[in-house]
Amino acid sequence: MAAGLYPYFLPLTGHEGTTVTLGDQELVMCGSNNYLGLTSDPRVKKAAAEALDLYGTSCTGSRFLNGNLALHDLLEAELADFYGKPAAAVFSTGYQANLGVISALAGRHDMVFADSDAHASIVDGSVLSGAKLRRFRHNDADALGRRLAAAPEGAGRLVVVDGVYSMEGDLCALPELVATSRRYGARIVVDDAHGLGVLDGGRGTTSYFGLTDQVDLITVTFSKSLASLGGAVVGSEEVVHFLKHHARSLIFSASATPASAAAALAALRILRAEPWRAERAQENADYIRRGLARLGVSSGASSTPVVPLRTRGVVETLLLWRRLVDRGVYTNPVLPPAASPRLRLSFMATHTTDHLDRVLEALAAEADMFLGADEPDGSDETAGLAELAAGPALASAPHRS
Ligand SMILES: Cc1ncc(COP(=O)(O)O)c(C=O)c1O
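Parameters at a glance
- Residues numbered from 1 in each chain as written.
- Predicted model: local features only at pLDDT ≥ 70, side-chain atom pairs only at ≥ 80, totals over all residues.
- Heavy atoms only, no water.
- Axes fitted to C-alpha atoms, helices over the stretch in contact; angles between N-to-C directions.
- Helix = DSSP H or I, 4+ residues; strand = E, 2+ residues; numbered from the N terminus.
- Parallel < 35°, antiparallel > 145°, perpendicular 65-115°, else oblique.
- Contact = heavy atoms within 4.5 Å.
- Nonpolar A, V, L, I, M, F, W, Y, C, P; charged D, E, K, R; others polar.
- UniProt positions renumbered as here; feature names shortened; annotations may be inferred.
- Domains from an automatic or database assignment.
- Buried area = accessible area lost by both parts, 1.4 Å probe.
- Salt bridge = Lys/Arg side-chain N within 4 Å of Asp/Glu carboxyl O.
- Polar contact = N/O pair within 3.5 Å; in protein donor to acceptor, adjacent residues only side chain to side chain.
- Pairing = 2+ DSSP bridges.
- Buried < 20%, exposed > 50% of the residue type's maximum accessible area, 1.4 Å probe, protein only.
- Near = heavy atom within 4 Å.
- Areas by Shrake-Rupley, 256 points an atom, 1.4 Å probe, with all protein chains shown as cover.
- 1 Å grid on protein atoms, 1.4 Å probe; cavity = no way out; pocket = protein on both sides within 12 Å on 5 of 7 lines; lining within 4 Å.
- Sits in = over half its atoms within 2 Å of the grid points.
- Points joined across faces, edges and corners; volume = space filled by probe spheres on them.
- Phe/Tyr/Trp six-rings, centres within 6.5 Å; stacked < 30°, edge-to-face > 60°.
- Core = buried A, V, L, I, M, F, W, Y, C linked by side-chain atoms within 4.5 Å.

### Focus: the packing of helix H3 (residues 94-105) against helix H8 (residues 237-246)
Here is step 1: Contact geometry of H3 with H8 gives a least axis separation of 10 Å together with a crossing angle of 100°. The angle between H3 and H8 places the two elements in the roughly perpendicular class. Touching Gly-100, Val-101, Ala-104 and Leu-105 of H3 are Val-239, Phe-242, Leu-243 and His-246, all from H8.
Here is step 2: Grouping the amino acids of the contact of H3 with H8 by side-chain chemistry returns six nonpolar, two polar and no charged.

So, in structure tokens, the structure goes:
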């Protein structure tokens, strides 16, 4: 910490938009999931303020009992309509949505098959379910097929994948994974936390592939494109009804606050009315990817507003993070075991060309520190942890500003 290299729990001041204030410094924000730039949109803020006035600060209970507002029901109806699915259930976070859905649907005689890069909430939901969890190689439908083929006769089979992978910014191989799931009689859930609002004019990953009707359930979060806090699942009337009566993370936790539900609803309406936002977020990330290619820096398999910049190790990641802060750019450092060392950058519809050029200028000054476009990601994630634990390396590392 004394070396100024501890990058977590930093107290940001001021609202989170395209720039953010850290201490007395204004930084271009490249670490936010506010893909559509709606957290500071006057319409979203007004909706939240009106709900606060009307319903107060909290529902003080579960949706199951006293914590259900007409607003939650309306949000469910509009989410279901948006996806063209019969029903939706709103949870208090996206994490709780995945936890509740998986643990309610799978039991100890069942099997859950999750992509090796799937979000932590999918893994945690699977563990909570008591089902056997089998991970398969990232986006590898053949590997999934082999795992499904080996499942015992009579075991329920639930395949769970992310629509867009949050650390790499790549898409899931949905057509192949859906076909394989169907072949083995498995149900498939897509967590579209990072696809909603971004792909296909905002309609998400399943719509991008034209497969919304082939996917059994879609889970989403409100904490990214929808500029709020909360989560949901959409699917058939029957399954959603079951989940509302069996998902423990919904039943035993207070409902999303009135302001959160109203903000998500307002953002959903804007997302539908203004598809240019999704396109602009993508164009902005494309602009950065083209700039990185000119610099010879790898942007991995990213094809969405999430752009990972691979580094050579834990210490290098922290150094780079600090140097970019000093150059006026906020990024998110990601370390093992979350993923191999990298800076995770993400871009918003509301970043201007001036913001993006400032980012590229900062990256150009450090370009030789990132893995090049032709360098494989050979990092050893456990070695990274050992390096971090060694500590003194951080303190003695040179700090260029
Ligand atoms: C893929 C994915 N799923 C679920 C979540 C959880 O969402 P929430 O922040 O609403 O709990 C996240 C957030 O980090 C995510 O990236």
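Moving on, there is more to tell.
### Digging into the UniProt feature "domain: Aminotransferase class I/classII large" (unreviewed entry) in the protein
Here is step 1: Residues given the UniProt feature "domain: Aminotransferase class I/classII large" (unreviewed entry) here are residues 31-363.
Here is step 2: Across residues 31-363, the secondary structure splits into 44% helix and 15% strand, with the terminal C-alpha atoms separated by 14 Å.

### Concerning the domain arrangement of the protein
Here is step 1: Domain parsing of the protein yields domain 1 (12-30 + 275-396) and domain 2 (42-273).
Here is step 2: For domain 1 and domain 2, the distance between their C-alpha centres works out to 27 Å.
Here is step 3: Across the boundary between the two partners, domain 1 contributes 18 residues, which contact 18 residues of domain 2.
Here is step 4: In total, about 1300 Å² of surface goes out of reach between domain 1 and domain 2, with carbon and sulfur atoms giving 55% of it.
Here is step 5: Broken down residue by residue, the surface that domain 1 buries against domain 2 is led by Pro-275, Ala-278 and Thr-304, which jointly contribute 32%.
Here is step 6: Linking domain 1 with domain 2 are two salt bridges.
Here is step 7: Two residues, Arg-310 and Glu-168, come together in a salt bridge whose shortest N-O distance is 2.6 Å.
Here is step 8: At the surface where domain 1 touches domain 2, the tally comes to seven residue pairs in polar contact (both at pLDDT 80 or more).
Here is step 9: When contributions to the side of domain 1 that touches domain 2 are tallied by element, the ones reaching two or more residues are helix H11 (276-295), strand E11 (306-310) and strand E14 (342-346).

### Considering the pairing of strand E3 (residues 25-29)
Every other side chain in a regular strand lies on the same face of the sheet, so the side chains alternate between the two faces.
Here is step 1: Here four bridges tie strand E2 (residues 19-22) to E3, and the two strands are oriented antiparallel to one another. Bridge pairing links Leu-22 to Gln-25 in E3.
Here is step 2: Here E2 folds back onto E3 in antiparallel fashion, the turn holding two residues, of which Gly-23 has a positive phi close to 60°.
Here is step 3: Sheet topology note: the E3/strand E12 (residues 329-330) ladder contains two bridges and is parallel. Note on E12: the bridge partner recorded for Met-29 is Tyr-330.

### Some points on the side chain of Thr-18
Here is step 1: Tracing the sequence through the fold places Thr-18 in the loop between strand E1 (12-13) and E2.
Here is step 2: According to the relative accessible area criterion, Thr-18 is buried, its value standing at 17%.
Here is step 3: Apart from the residues lying within four places of it in its own chain, the contact partners of Thr-18 are Leu-27, Val-28, Met-29, Met-348, Thr-350, His-351 and His-355.

### Observations concerning the site of the ligand
Here is step 1: In the neighbourhood of the ligand, 15 residues make up the surrounding shell, with Gly-94, Tyr-95, Asp-191, His-194 and Thr-221 lying closest.
Here is step 2: In the model, an oxygen atom of the ligand is placed 2.7 Å from a nitrogen or oxygen of the Gly-94 main chain.
Here is step 3: Between an oxygen atom of the ligand and a side-chain N or O atom of Lys-224, the distance comes to 3.2 Å.
Here is step 4: Relative to its unbound accessible surface of 390 Å², the ligand loses 83% to contact with the protein.
Here is step 5: Using a 2 Å cut-off from the grid points, one finds that the ligand occupies the largest pocket.
Here is step 6: Considering each element in turn, the shell around the ligand owes the most residues, three residues, to H3.
Here is step 7: In terms of residue class, the shell around the ligand is made up of two nonpolar, 10 polar and three charged.

### Side note on the layout of surface pockets
The gaps of empty space that remain are located by a probe, the size of a water molecule, rolled over the atoms.
Here is step 1: Space inside the largest pocket adds up to approximately 890 Å³.
Here is step 2: In terms of lining, the largest pocket is formed by 41 residues, of which the most central are His-119, Ala-120, Ser-166, Met-167 and Ala-338.
Here is step 3: Those elements that place two or more of their residues in the lining of the largest pocket are H3, helix H4 (120-129), strand E13 (332-334) and E14.
Here is step 4: Residues that form the lining of the largest pocket fall into these classes: 16 nonpolar, 13 polar and 12 charged.
Here is step 5: Reported here for the second largest pocket is a volume of approximately 370 Å³.

### Considerations on the environment of Val-90
Here is step 1: Turning to its location among the elements, Val-90 is positioned in strand E4 (residues 87-91).
Here is step 2: Along the primary structure Val-90 and Leu-75 are separated by 15 residues, whereas in three dimensions their C-alpha atoms are 7.7 Å apart.
Here is step 3: Excluding its chain neighbours within four sequence positions, the residues that come into contact with Val-90 are Arg-63, His-72, Leu-75, Glu-76, Leu-79, Phe-222, Gly-231, Ala-232 and Leu-250.

### Thoughts on the sheet that holds E14
Here is step 1: Here we have three strands laid out as an open sheet, ordered E11-E14-E13, and antiparallel in their pairing. On the outer flanks of this sheet lie E11 and E13, each paired with one strand and no other. Adjacent strand axes in the sheet meet at a mean angle of 30°, parallel and antiparallel pairs treated alike.

### Digging into the packing of aromatic side chains
Here is step 1: In the structure shown here, the tally under the stated rule is three aromatic pairs.
Here is step 2: With a centroid separation of 5.0 Å and 85° between ring planes, the pair formed by Tyr-208 and Phe-209 is classed as edge-to-face.
Here is step 3: Overall, the relative accessible area of 45% leaves Tyr-208 in the partly exposed class.

### A closer look at the nonpolar core
Here is step 1: Grouped together as the largest cluster of nonpolar side chains are 56 residues, with contacts concentrated most on Leu-79 and Phe-222.
Here is step 2: Non-local contacts of Leu-79, meaning those with residues more than four positions away in its chain, are made with Ala-88, Val-90, Phe-222, Ala-232, Val-234 and Leu-268.
Here is step 3: Counting 30 residues, the second largest nonpolar core, distinct from the first, contains Leu-324, Met-348, Leu-360 and Met-369.

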